[in-house]
Amino acid sequence: MHMSFDFPAQATRQLPSNLACRCVKVDAASWRRAAEELSASGGRFLTLWGADDRGRDGRFRIYAAYLLPQDVLVLEHDPGDVANPTYPSLASQFPSALRMERAIYDLLGVASTEPDNRGWLRHGGWPETVFPLRRDVDGTQQYPVVSEAYPFLQVEGDGVHEIAVGPVHAGIIEPGNFRFSVVGEKVLRLEERLGYTHKGIAKRFEEMRQHDGYRLAARLSGDSAAAFSWAYCAALEAIAGTVCPPRATNLRALALEHERLANHLGDLGALGNDAGFAFGLTQFSRLKEDLLRTNVAAFGARYLMDYILPGGVALDLPEHASRALLDQYLTLERDVKNLRSIYDEHGGLQDRFREAGRLEKDLAAKLGAIGLVGRASDVCCDLRVDHPWAPYDRLKATLVTQTSGDVAARVQVRFGEIGESLQLCRMLLEDVSSGPIRTEVPLAEPDRLGVGLIEGWRGPVMIALETGPDGAIRRCHAHDSSWQNWPLLEYAVLGNIVPDFPLINKSFNLSYSGHDG
Amino acid sequence: MFDTLSTMLRTGILTEPAPVSTEAPVVIETLQKDLRNILGRALCLRHVDAGSCNGCELEIQALNNPYYNLEGVGVKFVASPRHADLLLVTGPVSVNMEEALRRTYDAMPDPKIVMAVGDCGACGGIFGTSYASRGRVANIVPVNHTVSGCPPEPTALLRGILQIVRSKFSDS
Ligand code: SF4
């Protein structure tokens, strides 16, 4: 992949990050042209966000981040006229940008040229004229909810009817709204409506201190606490010029891999269950529980909410815990191998998994599939492999992919990644060098933008952090890969039968909270 | 089939005694006894995520794993609030979930017992109140009991359910 035009050197600056990262200021024409070229050459669109800098230099800013083979490219654009700021939509090149653009409008009042102006995060909980991420808006002000109708797209035709599901679901899961248009049992169209768990995280960050923000980052999506808190710390440490001690870096990676293991184990059980094989749920939830209990000994808690913090980690790994971990990996490996062959050979299970929710490679790539869902459709991307940061630069992780893009493929990627994660955990424990687990992170200079990018179990999570004066946070944008993959679920389910939706949805297992913010 | 059966046999029954936690089996046994004596039937739970980060959900789900085996002692999750004795609510209540939470609560039969789960449900947690968050669950619907923790461990949730059974259902 190569961009046929270069950006002028004076418009380019390096950004502090755990990956190579540069930021280029562009006008509307270059913003649009870059999107066209990047999309034509297979560039990956990562995220989009905006900031209110009217108080600083009289303008709003919009940023788009792309993953290139050699680095992360952040484009910075001035959307002009502060009374009516507008920027060119990226949605025709990168369809997943559409919902991000709607979210930016809801929070910041900066519009893209895309005509879909239905609220995405704003459901009537605050007035249309209030843009909470603007700096002159008091984020603690509360408003009465005014219910607003949401025009779902209608499918018309003989025998077509609609099924509305949500936002409260019949299970112990997060809330979201799904509108199916069906004929008989067959799904003709699915439209998602998300945003129900929006709790104002971006604005909340701005009330926090730089050194405390990791706690909020960890709670963006509780199943990805290690990934998000690491991304946050990576951004902050890069801005402050801090290098985390090697032992702490290894322990962070160990925590991240444990998070991957726990989620994959949980999903494999739930997927078995959703296909009528309760045995799978029993077995995998047992293995997951064992791992969570080990987490208590190794990291101080079952879920790693406050383990990764600025400068290192909260707790050292005791020698005996490290030995216990190695033993547990052996058992886990043996049990998962056994369960994998049971899953593979179970005709009824495979019958439900195969062909269900298929997402072909071409479509997946075109729509910007990323992370685990991408890898199951042979879209090869894993930051640990293609953009390794410390300590993954040493570990040489192996990419796990599948080609069939169906539920079966997403099951297989999880199995494969459990094996790979266990390998990485062993390597991490083998050379977990002695030494400090934490170093001091000095107060970062104000007005610096830094980026943290970590491959969580679902896919890449990103934090773009901008510092304020005296240890304040000026702006913090958090991005979960679910933003990219939610729209793909709408395609994967087409032509399937409604009763297969829970299974297909589970095979994606996307985050609501991480998406809604 | 053979593999499946032999795995089942090798795994055995994990519910009692739980290998690591010494507390869980005691709470589970007491809960089972109390349910039988006080309620004389299964306790039906409904869960609503009113804006959580999903951490609390994971620990509530864990209650159904073979170690805690909540269903085995007569506590089951039901798909409709109309069937629920007890509502578990997680998260700070987001403004976007406020109406759905109220409706769920209204749909419950009396005596409408509510347990707010997690630091967020108990006090708003790290998210607090804002343009997008109403904070603790009690700001929106009446709450009978809170279980704090971020997320609360399954044993804490079990103790919370046990306490509710004792205090709220003993005279109903
Ligand atoms: S209490 Fe903690 S785990 Fe539960 S929803 Fe709040 S932040 Fe998430």
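Note that this is a predicted model, so its numbers are computed, not measured.

**A short note on the overall build of chain A**
Okay, so step 1: In terms of helices and strands, chain A carries 18 helices and 15 strands.
Okay, so step 2: Taking 24 Å as the expected radius of gyration for a compact globule of 517 residues, we find that chain A reaches 22 Å, a close match to that expectation.
Okay, so step 3: Each principal axis of the C-alpha distribution contributes one length, and for chain A these read about 70 × 60 × 50 Å.
Okay, so step 4: The 517 residues of chain A split such that 63% are buried.

**Quick word on the sheet that holds strand E8 (residues 160-165) of chain A**
Residues and elements named next belong to chain A.
Okay, so step 1: The strand order E8-E9-E10 describes an open sheet built from 3 strands, whose pairing is antiparallel. In the strand order of this sheet, the two ends are held by E8 and strand E10 (186-193), each with one partner. With strand direction ignored, the average angle separating the axes of adjacent strands in the sheet is 20 degrees.
Okay, so step 2: The strands that helix H16 (residues 482-492) touches are strand E9 (177-183) and E10; relative to E10, the one it contacts most, it runs at about 160 degrees.

**With respect to the packing of helix H7 (residues 246-274) of chain A against helix H8 (residues 278-299) of chain A**
Residue and element names in this part refer to chain A.
Okay, so step 1: One can describe the packing of H7 onto H8 by two numbers: an axis separation of 7 Å at closest approach and a directional angle of 160 degrees. Taken together, the axes of H7 and H8 are roughly antiparallel relative to one another. The hand of the H7/H8 crossing is left-handed. Mapping the contact onto sequence places Leu251, Leu254, Ala255, His258, Leu261, Ala262, Leu265, Gly266, Leu268, Gly269, Ala270 and Asn273 in H7 and Ala278, Gly280, Leu281, Phe284, Leu287, Lys288, Leu291, Leu292, Asn295 and Phe299 in H8.
Okay, so step 2: Tallied by class, residues from the contact of H7 with H8 come to 15 nonpolar, 6 polar and 1 charged.

**Notes on the nonpolar core**
Okay, so step 1: Residues A:Leu48, A:Tyr66, A:Tyr232, A:Leu254, A:Phe353 and A:Ile463 are the most contacted members of the largest nonpolar core, which totals 169 residues.
Okay, so step 2: Ranked by the residues each element gives to this core, the list is headed by helix H6 (residues 225-240) of chain A, at 12 residues.
Okay, so step 3: A domain-level breakdown of this core finds at least three residues from each of domain 1 (1-149) and domain 2 (152-194 + 483-517) of chain A.
Okay, so step 4: Contact partners of A:Leu254, with chain neighbours within four places excluded, come to A:Phe299, A:Leu317, A:Leu325, A:Tyr329, A:Cys425, A:Leu428 and A:Leu429.
Okay, so step 5: One finds B:Ile28, B:Leu39, B:Leu86 and B:Leu158 within the second-largest nonpolar core, a separate group that totals 32 residues.

**Side note on the packing of aromatic side chains**
Remark: the centre distance and the inter-plane angle together describe each pair of aromatic rings, the angle taken between the planes.
Okay, so step 1: Tallied over the entire structure, the rule returns 23 aromatic pairs over all chains.
Okay, so step 2: Ring-pair connections join several aromatic residues into one group, and the members of that group are A:Phe277, A:Phe279, A:Phe284, A:Tyr343, A:Phe353 and A:Phe415.
Okay, so step 3: Of note, A:Arg293 hangs over the ring of B:Tyr67, and the distance from its end group to the ring centre comes to 4.4 Å.

**Some thoughts on the interface of chain A and chain B**
Okay, so step 1: Residue-level contacts link 59 residues of chain A with 53 residues of chain B.
Okay, so step 2: When chain A packs against chain B, the two sides together hide about 4,500 Å² of surface, and 59% of this comes from carbon and sulfur.
Okay, so step 3: Considering only the side of chain A, the residues that lose the most area to chain B are A:Ile172, A:Lys199 and A:Arg293, jointly responsible for 18% of the buried surface there.
Okay, so step 4: At the boundary of chain A with chain B, the tally comes to 1 salt bridge.
Okay, so step 5: Salt-bridge contacts for B:Glu59 lead to A:Arg302; the nearest nitrogen and oxygen are separated by 2.5 Å.
Okay, so step 6: Viewed at the interface, chain B and chain A are joined by 23 residue pairs in polar contact (both at pLDDT 80 or more).

**So, a nonpolar patch on the surface**
Okay, so step 1: Taken together, the side chains of A:Leu363, A:Tyr491 and A:Leu494 present a nonpolar region at the surface, about 240 Å² in accessible area.
Okay, so step 2: Here A:Leu363 shows up in helix H11 (residues 361-367).

**Focus: the site of the ligand**
Okay, so step 1: Taken together, 13 residues lie near the ligand, and B:Cys53, B:Cys56, B:Asp119, B:Cys120 and B:Cys150 sit nearest.
Okay, so step 2: Around the ligand, the neighbouring residues derive from chains A and B rather than from a single chain.
Okay, so step 3: Put simply, the parts of the chain that give the shell around the ligand at least two residues each are helix H3 (55-62) and helix H5 (118-123) of chain B.
Okay, so step 4: With 3 residues, the single largest contributor to the shell around the ligand is H5(B).
Okay, so step 5: Considering only residue class, the shell around the ligand consists of 7 nonpolar, 4 polar and 2 charged.

**Observations concerning the side chain of A:Arg134**
All names here are of chain A.
Okay, so step 1: In this fold, Arg134 is placed in the loop between strand E7 (111-112) and E8.
Okay, so step 2: Buried within the structure, Arg134 lacks any salt-bridge partner; its nearest side chain of opposite charge belongs to Asp52, at an N-O separation of 5.6 Å.
Okay, so step 3: Once you skip the residues sitting within four places of it in the chain, Arg134 turns out to touch Asp52, Arg54, Phe60, Leu107, Leu108, Gly109 and Lys203.

**Let's talk about the pattern of salt bridges**
All names here are of chain A.
Okay, so step 1: A complete count under the given rule lists 53 salt bridges over all chains for this structure.
Okay, so step 2: Note that Arg286 is salt-bridged to Asp335, the shortest N-O span being 3.5 Å. Taken as a pair, Arg286 in helix H8 and Asp335 in helix H9 (residues 319-345) lie far apart in primary sequence, 49 residues in all.
Okay, so step 3: For Arg286, a relative accessible area of 12% corresponds to the buried category.
Okay, so step 4: With its nearest N and O atoms 2.8 Å apart, the salt bridge here joins Glu289 to Arg293.

**Notes on H7(A)**
Residues and elements named next belong to chain A.
Okay, so step 1: Its 29 residues place the ends of H7 42 Å apart at the C-alpha level, agreeing with the 42 Å of an ideal helix rising 1.5 Å per residue.
Okay, so step 2: With 26 of 29 residues buried, H7 lies mostly within the body of the structure.
Okay, so step 3: Among the residues trailing H7, Gly276 stands out with phi positive, at a value near 85 degrees.

**Regarding the environment of A:Ser482**
All names here are of chain A.
Okay, so step 1: Mapped onto the secondary structure, Ser482 falls in helix H16.
Okay, so step 2: For the pair Ser482 and Ile370, spaced 112 residues apart in the sequence, the C-alpha separation amounts to 8.7 Å.
Okay, so step 3: With residues near it in sequence (within four places) discarded, Ser482 still touches Arg458, Pro487, Leu510, Ser511 and His515.

**Let's talk about helix H17 (residues 501-508) of chain A**
All names here are of chain A.
Okay, so step 1: Most of H17 is tucked away, with 7 of its 8 residues classed as buried.
Okay, so step 2: Buried within H17 we find Phe501, Leu503, Ile504, Asn505, Lys506, Ser507 and Phe508.
Okay, so step 3: Residue Asn509 follows H17 closely and has a positive phi angle near 35 degrees.

**Some words on the sheet that holds strand E13 (residues 449-455) of chain A**
Residue and element names in this part refer to chain A.
Okay, so step 1: Pairing is antiparallel in the open sheet, where 3 strands are placed in the order E13-E14-E15. Every other strand in the sheet has two partners, leaving E13 and strand E15 (473-480) as the edge strands with one partner each. For this sheet, the mean inter-axis angle between neighbouring strands, taken without regard to orientation, is 10 degrees.
Okay, so step 2: Here strand E14 (residues 460-467) runs beside E15; their pairing, made up of 7 bridges, is antiparallel. For Ala464, the partnering residue across the bridge sits in E15 and is His477.

What counts and how
Residues numbered from 1 in each chain as written. Chains lettered and ligands numbered in written order. Predicted model: local features only at pLDDT ≥ 70, side-chain atom pairs only at ≥ 80, totals over all residues. Heavy atoms only, no water. Helix = DSSP H or I, 4+ residues; strand = E, 2+ residues; numbered from the N terminus. Rg over C-alpha atoms; globule rule 2.2 N^0.38 Å. Buried < 20%, exposed > 50% of the residue type's maximum accessible area, 1.4 Å probe, protein only. Pairing = 2+ DSSP bridges. Axes fitted to C-alpha atoms, helices over the stretch in contact; angles between N-to-C directions. Contact = heavy atoms within 4.5 Å. Parallel < 35°, antiparallel > 145°, perpendicular 65-115°, else oblique. Left-handed = near helix turned anticlockwise from the far one by under 90°. Nonpolar A, V, L, I, M, F, W, Y, C, P; charged D, E, K, R; others polar. Core = buried A, V, L, I, M, F, W, Y, C linked by side-chain atoms within 4.5 Å. Domains from an automatic or database assignment. Phe/Tyr/Trp six-rings, centres within 6.5 Å; stacked < 30°, edge-to-face > 60°. Lys NZ or Arg CZ within 6 Å of the ring centre and 35° of its normal. Buried area = accessible area lost by both parts, 1.4 Å probe. Salt bridge = Lys/Arg side-chain N within 4 Å of Asp/Glu carboxyl O. Polar contact = N/O pair within 3.5 Å; in protein donor to acceptor, adjacent residues only side chain to side chain. Patch = residues over 30% accessible without salt bridge, like charges linked within 9 Å, V, L, I, M, F, W, Y side chains within 5 Å. Areas by Shrake-Rupley, 256 points an atom, 1.4 Å probe, with all protein chains shown as cover. Near = heavy atom within 4 Å. Lys, Arg positive; Asp, Glu negative; His and termini not counted. Expected span 1.5 Å × (residues − 1).

Purely spatial values, then, with no claim about function.
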